[in-house]
Amino acid sequence: MTAPPDKPIGTDSGVPGTAPGASGSAPKVTEREARQVAEAAREQQWRKPSFAKELFLGRFRLDLIHPHPQPTGEAVRRGEEFLSKLRRFCETRIDGARIEREALIPDEVVQGLRELGALGMKIDPRYGGLGLTQVYYNKALSLVGSVSPAVGALLSAHQSIGVPQPLKLFGTDEQKERLLPRLARHDISAFLLTEPDVGSDPARLATTAVPDGDHYVLDGVKLWTTNGVVADLLVVMARVPRSEGHPGGITAFVVEAASEGVTVENRNAFMGLRGLENGVTRFHRVRVPAADRIGPEGAGLRIALTTLNTGRLSLPAMCVGAGKWCLKIAREWSAVREQWGRPVARHEAVGSKISFIAATTFALEAVVDLASQMADEDRNDIRIEAALAKLYGSEMAWLMADELVQIRGGRGFETAQSLAARGERAVSAEQLLRDLRINRIFEGSTEIMHLLIAREAVDAHLSVAGDIIDPDKPVGAKARAGANAAAFYARWLPRLVAGPGQLPGAYGDFRPSGHPDLAVHLRYVERTSRKLARSTFYAMSRWQGRMETKQGFLGRIVDIGAELFAMSAACVRAEHLRASGDHGREAYQLADAFCRQARLRVEELFGRLWSNTDDLDRTVVRGVLSGTYTWLEEGIVDPSGEGAWIADATPGPTSRENLHRPIP
């Protein structure tokens, strides 16, 4: 559940030094200093093309995604062979109801996954792994997650953000030879960044790693460590102080979970994902060999963010599985449940929900498969595409699950165990809703994802005009930036006036005889991407340095881009399926339905760019925080227990039992 540097704004990110019970060990930093840390961690250059980046700039580069990229025959053979074995395992060895009931993944399930090689799906065969592509790794997570989201989360946390991926990208040959074979076959890993008083603001990271000869001494407390209760190896982010021979900064370390001084102080429990082995981990004078540092000192956040460029795809992959299950249950239930003389599916109020689930599942799978294949080919920079997939997948899956509960009515609110007890099919719709809710928070909350994507989307503008709006830049720098910006916009702005989207015959490949016309939707995407770019430019001209505070506006800009990306992916996937003779007509129907639904959402978002309650909302918020409306809270009893808002995380020895439970 812990992921860099992303936690929901306003939920676990308090005002420094004001939270009752906070340890005060987190460094005090200004807002500007915090932004500088985040900016230094992001990839500064665009060395490869990016479809989504171009989309936000008003350039619809269909050539970057069409024809749909395809895996090699060998990758397909190995991937399908593993999926077949994994399906049999899921059907015969994983009891999702038991995991939900006992809030625990049985040891024998983990052992079975080890025997299958599932812990090493993304690890190169030379180290004992399966070496699956990103496409088939995500298909595997979608499959596992459909029977037990908790098992899917265990595998994802282990391989997507745990030790294997950063080692693959940044580890030394010696580290790979020593650690990857363990991780491929037996050891479980976890990622540790978030702290009790540090969420989306890594500049305030309090855990320290002090150099001591050829070791570092680790002290601190980490919160929400998915897999941390059962992990054998940990990726830990800690602050190295600057000293002679040590540049310092946030740094990544591989830590043996069984090391002296490592204590799992609590196994956390949540509204969903009840089998999740998530805990609080304390480090007290833990000695970590310098040989187990990943990358140089100060590179920790960059390593984390780079890891997430593809690691984020695992979450929307499991959202695809959730969508498929929602569609299956909605189809079966609404065909047999009758009201007023006919199946509920035949009533328009229910039928529109089913259409939404079907069309959205098709589009979400298109987004994940396209981004995954692009990651495998490594021809494009997919940092924005992966972030959009995570954002869009988590939001849309939640909506689909909510609609399924509504379609099921009272039975949707009833637990599967209760349904079975009175003789009905044990459909766990309410559990799915609970399990999916966290996806809008972890690996980058929706609010953080909006800001992260918006930052990347306006990168071209900031690279040429950023010094103009930077109050700390001298007059000379502003003058040079003005000249550069004038040259850039003289070339860029005229291209936003007209394009292929205005030509009736454009994108003719997507208008085959006897099929719905998808070319009309691609023309809409092209026109709308230019409109989106114009809106962004106008906003930057209007607000300049205050643009970063307009989070409502930026969120809507990103949401429009997400819809356009999904529309593009859906159309490209439909044409690929048609060309390959694989349900082409049906795919075109689903893509057409999705695009028409998405266009309605896009038009609403454009309307809300300039007509909204953002200013009024800020006024109300100031009133709430100042106590102006406390009278509105009268007439209730608060059943919350006593205690600090943020637990004490002062470094030091533990006073609790070690709940670390490595799986034999």
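Preceding this paragraph is the structure being described.
The following refers to the structure shown. Predicted model only: the values in this text are computed from it and were never measured. (Residues numbered from 1 in each chain as written. Predicted model: local features only at pLDDT ≥ 70, side-chain atom pairs only at ≥ 80, totals over all residues. Heavy atoms only, no water.)

### Description of the overall build of the protein
- Assigned secondary structure in the protein consists of 23 helices and 10 strands.
- By the compact-globule yardstick of 26 Å for 664 residues, the protein fits well, its C-alpha radius of gyration being 25 Å.
- Over its C-alpha atoms, taken along the principal directions, the protein stretches across nearly 75 × 70 × 65 Å.
- Relative to its full complement of 664 residues, the protein shows a buried share of 54%.
- Long-range contacts, defined here as pairs at least 24 residues apart, represent 78% of the contacts in the protein between residues at least 6 apart.
- Looking at the protein as shown, the accessible area adds up to about 28,600 Å², and 54% of this sits on carbon and sulfur atoms.
- Once the 83 positive and 82 negative side-chain charges of the protein are each reduced to a mean point, those two points are 5 Å apart. (Helix = DSSP H or I, 4+ residues; strand = E, 2+ residues; numbered from the N terminus. Rg over C-alpha atoms; globule rule 2.2 N^0.38 Å. Buried < 20%, exposed > 50% of the residue type's maximum accessible area, 1.4 Å probe, protein only. Contact = heavy atoms within 4.5 Å. Areas by Shrake-Rupley, 256 points an atom, 1.4 Å probe, with all protein chains shown as cover. Lys, Arg positive; Asp, Glu negative; His and termini not counted. Charge placed at Lys NZ, Arg CZ, Asp CG, Glu CD.)

### A closer look at the packing of aromatic side chains
- Counting across every chain of the model gives 13 aromatic pairs.
- Centre to centre, the rings of phenylalanine 488 and tyrosine 489 are 5.0 Å apart; their planes meet at 75 degrees, and the pair counts as edge-to-face.
- We classify phenylalanine 488 as buried; its relative accessible area is 15%.
- Residue classification places tyrosine 489 among the buried positions, given a relative accessible area of 13%.
- Among the aromatic side chains, those forming a connected cluster through ring pairs are Phe51, Phe60, Tyr507 and Phe565.
- Directly above the ring of tryptophan 398 sits arginine 437, whose terminal nitrogen or CZ lies 5.5 Å from the centroid. (Phe/Tyr/Trp six-rings, centres within 6.5 Å; stacked < 30°, edge-to-face > 60°. Lys NZ or Arg CZ within 6 Å of the ring centre and 35° of its normal.)

### Overview of the state of the cysteines
- Inspection of the entire model under this criterion finds zero disulfides.
- Free of any disulfide, cysteine 326 has its nearest cysteine sulfur in cysteine 319, 10 Å distant.
- Relative accessible area serves as the criterion here: at 0%, cysteine 326 is assigned to the buried category. (Disulfide = S-S within 2.5 Å.)

### Side note on the environment of serine 146
- Topologically, serine 146 is positioned in helix α6 (residues 134–147).
- Taking the C-alpha atoms as reference points, serine 146 and valine 320, separated by 174 residues in sequence, lie 9.1 Å from one another.

### Details of a nonpolar patch on the surface
- A cluster of nonpolar side chains, contributed by Leu616, Val620, Val621, Val624 and Leu625, occupies part of the molecular surface with about 480 Å² of accessible area.
- Mapped onto the fold, leucine 625 is located in helix α23 (residues 614–626).
- Using a relative accessible area of 74% as the deciding quantity, one classes leucine 625 as exposed. (Patch = residues over 30% accessible without salt bridge, like charges linked within 9 Å, V, L, I, M, F, W, Y side chains within 5 Å. Salt bridge = Lys/Arg side-chain N within 4 Å of Asp/Glu carboxyl O.)

In short, geometric facts, not functional conclusions.
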